[in-house]
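# Close look at the chain arrangement
Chain residues, written in single-letter form:
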Amino acid sequence: MNASPDSAKASLDALIGRLSALHQKRIDLGLERMHRLLERLGHPERKLPPVIHVAGTNGKGSTVAYLRATLEAAGLRVHAYTSPYLVRINECFRLGRVGGGVLVSDDELRAALEQVELVNAGEPATVFELKTAAAFLLFAQNPADAVLLEVGLGGRLDSTNVVDTPAACVITPVSMDHMDFLGNTLGSIAAEKAAIIKRGVPVICAEQAGEAMAVIEAQAKQMRAPLFAANESWHVNVEHGRLVYSDERGLMDLAAPRLFGRHQFDNAGLAIATLRAIQTFRVNQAAFEAGIVGAEWPARMQRLTSGELLALGPQGSEIWLDGGHNAEGGRVAAAALGDLEERVSRPLVVIAGMMANKDAKAFLANFAGLTRHIIAVPIPDTENAMPVDRLADAVRSLGMRVEIAPGTQAALRSLSKLAYEVPPRILITGSLYLAGHVLGLNGTPPA
């Protein structure tokens, strides 16, 4: 008799709890433990279909979403490993199927993690290492045509950096983040990301700041890896609201991405450039258009159009959710809000919660010209969340008005008591952990 969904989830949660206790640190970059695990599992990472490995600071998940949607539109089965998850750990593992991939079931995931737990034999390992090993195991056991592999943190010492000959290495925009692990300069961070480049494997690179681009170019040259860089090998532009992509093979005029914001045209362009550069898969223009229009990636300038939170805010208000958490993430979210304001003007309120290791002032400074009203909220049940008093101090240092609320629901209720001539536009932002909590509260977790 099959276990009930609730008992299967409880069993999976208990297993994750056991695995979390194997290492005193949540993050401990290095590949020795990963190589040991994979050897004991029979090297599943060597039994995969073509792999596209994606590193970068911002835009990795969206780029993977465009790659997946495009390849699926071309009729291919696509495995995808992404992180972090928003509501359920299953979101990290998508198994390729004819007609579209599915999130791994609780039973399948538990079986893979139990196998990893067994071979690990109680030795120290981080949860990310263990679940990455489980991803390779699942992907090797299930037939597919492609694997999309998103780096967790950095690149050089990330648990995903164990595939010797991927089909492509992709680098999304590099900016300042995770400086406590990757270094305090853009060059040092870019070096960590560029270390996923493999000898002779094509590198497809988004537009970068000069310091980062110089590092990536040098690494590609050292590895004799052909480099396909934005604005050199390929171009993406917005013309009359449409995405126009061009490279040496020609031009494509495509519908705009469903994902909102100018930066999504760039992410979509990077995905297109990747598939055209490697030519591993047969993808026609119709599949590119279907993928660009059809790609979904929750908590990236996502408008909440249904769910329980809509009733809590002012009647007629818009609620947007974005998991941005660094200065560049704030910049692209603010630019998207600026585009929305040009279309339909509304007063803007930002509800923000952040992690303690983030630069709240650098993130929130992006919104200084768009709103004077910020509400600081905690991120519940999250280790190392930023105390709301500290977040509020960062807001005040920018000369902006700040309130503190005990949670997102309370913040929305407080707004509903205010008299707005025009219903406001509300952005909930600052952390993917907060975004996941909000999607859970709203009853709309990723499917």
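The rules behind the values
- Residues numbered from 1 in each chain as written.
- Predicted model: local features only at pLDDT ≥ 70, side-chain atom pairs only at ≥ 80, totals over all residues.
- Heavy atoms only, no water.
- UniProt positions renumbered as here; feature names shortened; annotations may be inferred.
- 1 Å grid on protein atoms, 1.4 Å probe; cavity = no way out; pocket = protein on both sides within 12 Å on 5 of 7 lines; lining within 4 Å.
- Points joined across faces, edges and corners; volume = space filled by probe spheres on them.
- Helix = DSSP H or I, 4+ residues; strand = E, 2+ residues; numbered from the N terminus.
- Buried < 20%, exposed > 50% of the residue type's maximum accessible area, 1.4 Å probe, protein only.
- Pairing = 2+ DSSP bridges.
- Contact = heavy atoms within 4.5 Å.
- Expected span 1.5 Å × (residues − 1).
- Arc of directions from axis to C-beta.

Going by the annotation in an unreviewed UniProt entry, the name recorded for the chain is Dihydrofolate synthase/folylpolyglutamate synthase, with Bradyrhizobium zhengyangense given as the source organism. Per its UniProt entry, the chain bears the Cofactor (unreviewed entry) comment "Mg(2+)". The annotation that UniProt attaches to the chain under Sequence similarities (unreviewed entry) is "Belongs to the folylpolyglutamate synthase family."

## Things to note about the layout of surface pockets
Quantified by volume, the second largest pocket comes out at close to 780 Å³. Forming the walls of the second largest pocket are 36 residues, and the residues nearest its centre are Glu 296, Trp 297, Pro 298, Gln 302 and Pro 446. Where the lining of the second largest pocket is concerned, the elements lending two or more residues are helix 3 (60–73), strand 2 (78–81), strand 12 (302–303) and helix 15 (432–442).

## Some details on the pairing of strand 17 (residues 425–429)
Burial analysis of strand 17 places 5 of its 5 residues in the buried class, the great majority of the element. Taken together, the 5 bridges between strand 13 (residues 318–322) and strand 17 define a ladder with parallel strand orientation. Following the sheet pairing, Glu 318 is matched in strand 17 by Arg 425. Inspection of the sheet shows strand 14 (residues 348–352) paired to strand 17 by 5 bridges, in the parallel sense.

## Focus on the UniProt feature "domain: Mur ligase C-terminal" (unreviewed entry) in the chain
Per the UniProt annotation, the sites labelled "domain: Mur ligase C-terminal" (unreviewed entry) are residues 315–431. Secondary structure content for residues 315–431 is 35% helix and 20% strand, while the C-alpha to C-alpha distance between its ends is 26 Å.

## Thoughts on the sheet that holds strand 15 (residues 373–376)
Strand pairing within a sheet occurs via backbone hydrogen bonds; the two strands may be parallel or antiparallel. Taken in spatial order, the 6 strands of this open sheet run 12-13-17-14-15-16, and their pairing is mixed. Each of the sheet's edge strands pairs with one partner strand only, and the pair in question is strand 12 and strand 16 (401–404).

## Side note on the side chain of Arg 425
On the secondary structure map, Arg 425 appears in strand 17. Non-local contacts of Arg 425, meaning those with residues more than four positions away in its chain, are made with Glu 318, Trp 320, Leu 337, Leu 340, Glu 341, Val 344, Arg 346, Pro 347, Leu 348 and Val 349.

## Description of helix 8 (residues 210–222)
Between its first and last C-alpha atoms helix 8 spans 18 Å; for 13 residues at 1.5 Å apiece the expected length is 18 Å, and the two agree. Listed as buried for helix 8 are Ala 212, Met 213, Ile 216 and Ala 220. The buried residues of helix 8 all sit within an arc of 95 degrees when viewed along its axis, so they share a single face. Structural note: helix 8 exposes Gly 210, Lys 221 and Gln 222 on the side pointing more than 90 degrees away from its buried face. In this structure, the buried side of helix 8 is in contact with strand 6 (168–171), helix 7 (186–194), strand 7 (203–205) and strand 8 (227–229). Just beyond helix 8, the residue with positive phi is Arg 224, at close to 50 degrees.

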